[in-house]
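# Close look at the chain arrangement
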Amino acid sequence: MRGRFRRSMGTVALLGAAAVALPAAPGYAAARPAAPPDIPVSELLTRLQKLYQQTEAATEAYNATEEDLKAQAKLSKKLDGRLKAARANLAEGRADAGRLAREQYTGSGPGGLSPYVQFLLSKDPEQALDRGHLLKEAAGHQADTVTRLAGSAKKADKLATEAKRALDKKKSLADKRKKQKAKVESRLREVEAMLSSLSADQLAELSRLEQAGMKDAQKALLGSGKLGGPHAPSEEGQRAMAYALTQVGKPYVWGAEGPDSFDCSGLTSQAWAHAGKPIPRTSQEQWKQLPHVSLRELRPGDLVIYFPGATHVALYLGNGMVVQAPRPGAEVKVSPIAANPLLGAVRPDEGAPGLKDYTPPEIPDGAQDGSDTGYGDPTAPAN
């Protein structure tokens, strides 16, 4: 059944219970520990949440390096093109210099003999002196050629140095990305190993505890008065929400930004890109670069940032709800705003007026059903 935000909505769980432990993933079986003996499920939940947070932090670091690498690749390509042009100009200048040298040696310039030779052989020295400006023109042409040649050589050398430096940085970023990728995959293996060691009862208890904790956090936030009353989104914010809601049900995949899967900042950055306003790719840069707004002023379309390191982000829908790509093993879904520890909020379209005639969007079927977003396989490959 479809519902609207203007109707009352119950608190939803971020995570649903998995009926059985995860199936074995190739290559990981030997690394899996046995089920933790005599460890309270509450402690297991704390460990698991910490692992997910560390995984997402590593993912956002990887995403940032990926963006830097893309920018560096563009710069390297641009510098290579400029270096090619500079070398072509240098070759042309060298050809001009060689031609000038031959003309000076043979007197085969446009006027035949060089002006100096014409002066020495002239029967009428006064007439030759009247042509003295030719000597100056010849000297000036020679000086211009030499100056242009020197300038082209200097520019080509400078560009060659810049291109080499850009290539070195590109290689360094590629190495950094490779290491960060390995770190993310290592964290995911830890999560997968831990989940695979738990019984069905433990997994169900994990889900129950997490839902209870999230319900308490949401109740406390709504009761605190920190979250303001209803506000209307801008036209761009409405488009961003519409895009994000059409992605509900698609899997979380670290490093992904659509169209078939997303990570948290991949969803928010693509939502605003489709709204016609590109924003930074990562949650950290979204928090750093976009204008901050208070929770009391929060309006649909704003971005909600989580954790002290700004390692998670969701898109606000209104009425205390967000749409997000929660974490590995889950799917894009609608969640309570207090599903994770709040850091703050940012507004991509600061200054844009709110819509005067606004109807809250419909929630897709199953968007708030936690049963399809339980402790799934966190080791899904990145795009």
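Computed from a predicted model, the values in this text were never measured in an experiment.

## What about the overall build of the chain?
On a plain count of helices and strands, the chain comes out with eight helices and six strands. Sequence-ordered secondary structure for the chain, helices as α and strands as β, is α-α-α-α-α-α-α-α-β-β-β-β-β-β. Put simply, the chain has 383 residues, and 42% of those count as buried. The long-range share in the chain, meaning contacts at least 24 apart out of those at least 6 apart in sequence, stands at 77%.

## Some details on the pattern of salt bridges
Within this structure, the stated rule accounts for six salt bridges. For Glu 235, the salt bridge identified is with Arg 239, shortest N-O distance 3.2 Å. Of this pair, Glu 235 and Arg 239 both sit in helix α6 (residues 235-246), separated by four residues, roughly a single helical turn. Since its relative accessible area comes to 37%, Arg 239 is described here as partly exposed. Ionic pairing is found between Arg 347 and Asp 302, a salt bridge with its closest N-O pair at 2.9 Å. In this pair, Arg 347 is assigned in the segment after β6 (342-346) and Asp 302 in the loop between β1 (292-293) and β2 (303-306), connecting sequence segments 45 residues apart. The exposure class of Asp 302 is buried, given its relative accessible area of 0%.

## Regarding the sheet that holds β6
Pairing within the open sheet is antiparallel, and its six strands lie in the order β1-β6-β2-β3-β4-β5. With one partner strand each, in any of the chains shown, β1 and β5 (333-336) form the two edges of the open sheet. For strand β4 (residues 321-324) and β5, the ladder comprises four bridges, and the chain directions are antiparallel. Bridge pairing in β5 places Gln 324 opposite Lys 333. Contacting β3 (312-318), β4 and β5, α6 runs over the sheet at an angle of about 110 degrees to β3.

## Section: the packing of aromatic side chains
Within this structure, the stated rule accounts for one aromatic pair. Geometrically, the ring pair formed by Tyr 243 and Phe 262 is edge-to-face, given 6.5 Å between the ring centres and 85 degrees between the ring planes. Here Tyr 243, found in helix α6, pairs with Phe 262, found in the loop between α6 and α7 (264-274); they are 19 residues apart in sequence, far enough to count as distant. For the pair shown, Tyr 243 and Phe 262 are each scored as buried.

## A closer look at the side chain of Ser 265
Mapping Ser 265 onto the fold places it in helix α7. A polar contact of 2.9 Å, which involves the side chain of Ser 265, links it to the side chain of Glu 60. Each residue touching Ser 265, except ones within four places of it in the same chain, is listed here: Glu 60, Asn 63, Arg 281, Thr 282, Ser 283, Gln 286 and Val 313.

## A word on unusual backbone geometry
Of note, the bond from Gly 258 into Pro 259 is cis; its omega dihedral lies within 30 degrees of zero at 0 degrees. Among the secondary structure elements, Pro 259 is positioned in the loop between α6 and α7. In this structure, Ala 310 is a non-glycine residue whose phi angle is positive, near 55 degrees. A relative accessible area of 3% places Ala 310 in the buried class. Positive phi, close to 55 degrees, is recorded for Asn 319, a residue that is not glycine. Within the secondary structure, Asn 319 is located in the loop between β3 and β4. Of the residues examined, Asn 319 reaches a relative accessible area of 44% and is grouped as partly exposed.

## With respect to the pairing of β6
With two bridges joining them, β1 and β6 adopt antiparallel strand pairing. For Val 293, the partnering residue across the bridge sits in β6 and is Ala 345. Where β2 lies against β6, four bridges are found, and the strand directions are antiparallel. Across the sheet, the residue bridging to Leu 303 is Val 346, located in β6.

## A few points about the environment of Lys 178
Looking at the element boundaries, Lys 178 is found in helix α4 (residues 132-196). A residue is classified by how much of its surface remains accessible, and Lys 178, at 63% relative accessible area, is exposed. Expressed as a C-alpha distance, the spacing of Lys 178 and Tyr 62, which sit 116 residues apart in the sequence, is 8.7 Å.

## Focus on the packing of α6 against α7
When two helices pack together, their arrangement is given by the angle between the helix axes and the distance between those axes. Look at α6 against α7: their axes get within 8 Å of each other, and the N-to-C directions meet at 130 degrees. Comparing their axes, α7 and α6 come out oblique. Taken as a pair, α6 and α7 cross one another with a handedness that is right-handed. Across the interface between the two elements, Glu 236, Gly 237, Ala 240, Tyr 243 and Ala 244 from α6 touch Leu 267, Gln 270, Ala 271, Trp 272 and His 274 from α7. A class-by-class count of the residues in the contact of α6 with α7 yields six nonpolar, three polar and one charged.

Cut-offs used in this document
- Residues numbered from 1 in each chain as written.
- Predicted model: local features only at pLDDT ≥ 70, side-chain atom pairs only at ≥ 80, totals over all residues.
- Heavy atoms only, no water.
- Helix = DSSP H or I, 4+ residues; strand = E, 2+ residues; numbered from the N terminus.
- Buried < 20%, exposed > 50% of the residue type's maximum accessible area, 1.4 Å probe, protein only.
- Contact = heavy atoms within 4.5 Å.
- Salt bridge = Lys/Arg side-chain N within 4 Å of Asp/Glu carboxyl O.
- Pairing = 2+ DSSP bridges.
- Axes fitted to C-alpha atoms, helices over the stretch in contact; angles between N-to-C directions.
- Phe/Tyr/Trp six-rings, centres within 6.5 Å; stacked < 30°, edge-to-face > 60°.
- Polar contact = N/O pair within 3.5 Å; in protein donor to acceptor, adjacent residues only side chain to side chain.
- Parallel < 35°, antiparallel > 145°, perpendicular 65-115°, else oblique.
- Left-handed = near helix turned anticlockwise from the far one by under 90°.
- Nonpolar A, V, L, I, M, F, W, Y, C, P; charged D, E, K, R; others polar.

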